[in-house]
Amino acid sequence: MPTALVTGAAGFIGSFVCRTLLEEGWRVIGLDCLSDYYDVALKERREETLAAYDGYRSVHDKVETPGLLMSLFEAEKPDVVIHLAAQAGVRYSIENPRSYLESNIIGTFELLEAARAHPPKHMLLASTSSAYGANEEMPYRETDKADHQMSFYAATKKSTESMAHSYAHLFDLPITMFRFFTVYGPWGRPDMALFKFTKAILSGKPIDVYNYGDMKRDFTYVEDLVHAIRLLIDAVPVRPEDGVVEEGDSLSPVAPFRVVNIGNNNAVQLTDFIAAIEDATGREAERNLMPMQPGDVPATWADASLLKRLTGYAPKTAVPEGVANFVRWYRQYYNA
């Protein structure tokens, strides 16, 4: 029975990843500090669904706690590590940047040091589409330069990519970095647009629409994303012996390291996303049009061809279907 260590296990994406592996018969060590960045009760409910599996072990602590990950790696010898724990959110990184430094950068350092001492077969670390920053040419490709992040959140995630590459090169650690594109779906985070819009619309309150609605996002349904992660577990990067990398591949020429976009390969207008929520709720939104938030970008759009090349899979859930699934879950969970 293979063992996976999943950090951020009680989070939105982490809980889906854990359940997918548990249903396949994996043994899963789930690490999460259950921070109060958003509703802890929601995280506890996600974790309850995982505790029902015999193969699940829960650990409550912070990834940046000195020596914690070293002890877990030594005791559990994970075959695969999926590192999802992070302080998320663009706006909050302006208000409380230290939490991003501690969780994202120091936490990832602790993980890499533990892997250096007890190497797993494959490490898969979450980054973000925000790493593309000020890039304007779309769709975003993993081989594009990404040097101008627009928020401290994005800067910390791009920093973890550089840190991970150095460890992959120095210690021959196979590492895949994911760049996620606006993940949504049931059990989602309350600080994200879909959750906030649905809550406001069902409560008869206005929604804040930034950049006056002139925004596009590559919305990725959570089950599609998790399926892609599962397939990428088996796509272990290998250091190219001759330093030659195929065109379009983000594989490092000097390390078993690769960056992979996970997105729907489709930029959807924010107004169309809101229309899908209106259709699913059966109610019209009252829009409060506002300027762009500091640190945000007007559009994201993933080129997902490398994911397809590596796994044969491409995310496919359309926004109306995914939004309807979320609204159905929200109504049931909150009796709304």
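Everything numeric here is computed off the predicted structure, so don't read it as measured data.

A. Structural context of empty space enclosed by the protein. Under the criterion given, the structure shown has 1 cavity of 30 Å³ or more. There is about 50 Å³ of room inside the largest cavity. Lining the largest cavity are H83, A85, A86, N104, T108, L125, A126, K157, T160 and M177. Elements that contribute at least two residues to the lining of the largest cavity include exactly helix 5 (97-117), strand 5 (122-128) and helix 6 (152-171).

B. Geometry of a nonpolar patch on the surface. On the surface, L101, I106 and F152 cluster together to form a nonpolar patch covering roughly 220 Å² of accessible area. Its location among the elements puts L101 in helix 5. Note on L101: relative accessible area 34%, which makes it partly exposed.

C. Seen up close, helix 3 (residues 68-76). The complete set of buried residues in helix 3 reads L68, L69, L72, F73 and E76. Buried residues of helix 3, seen end-on, are gathered within an arc of 130 degrees and therefore sit on one face of the element. Looking at the packing, one finds that the buried side of helix 3 touches strand 1 (3-7), strand 2 (27-31), strand 3 (56-59), strand 4 (80-83) and helix 5. Of the residues one or two after helix 3, K77 is the one with positive phi, at around 45 degrees.

Here is what the cut-offs are and how they apply
Residues numbered from 1 in each chain as written. Predicted model: local features only at pLDDT ≥ 70, side-chain atom pairs only at ≥ 80, totals over all residues. Heavy atoms only, no water. 1 Å grid on protein atoms, 1.4 Å probe; cavity = no way out; pocket = protein on both sides within 12 Å on 5 of 7 lines; lining within 4 Å. Points joined across faces, edges and corners; volume = space filled by probe spheres on them. Helix = DSSP H or I, 4+ residues; strand = E, 2+ residues; numbered from the N terminus. Patch = residues over 30% accessible without salt bridge, like charges linked within 9 Å, V, L, I, M, F, W, Y side chains within 5 Å. Areas by Shrake-Rupley, 256 points an atom, 1.4 Å probe, with all protein chains shown as cover. Salt bridge = Lys/Arg side-chain N within 4 Å of Asp/Glu carboxyl O. Buried < 20%, exposed > 50% of the residue type's maximum accessible area, 1.4 Å probe, protein only. Arc of directions from axis to C-beta. Contact = heavy atoms within 4.5 Å.

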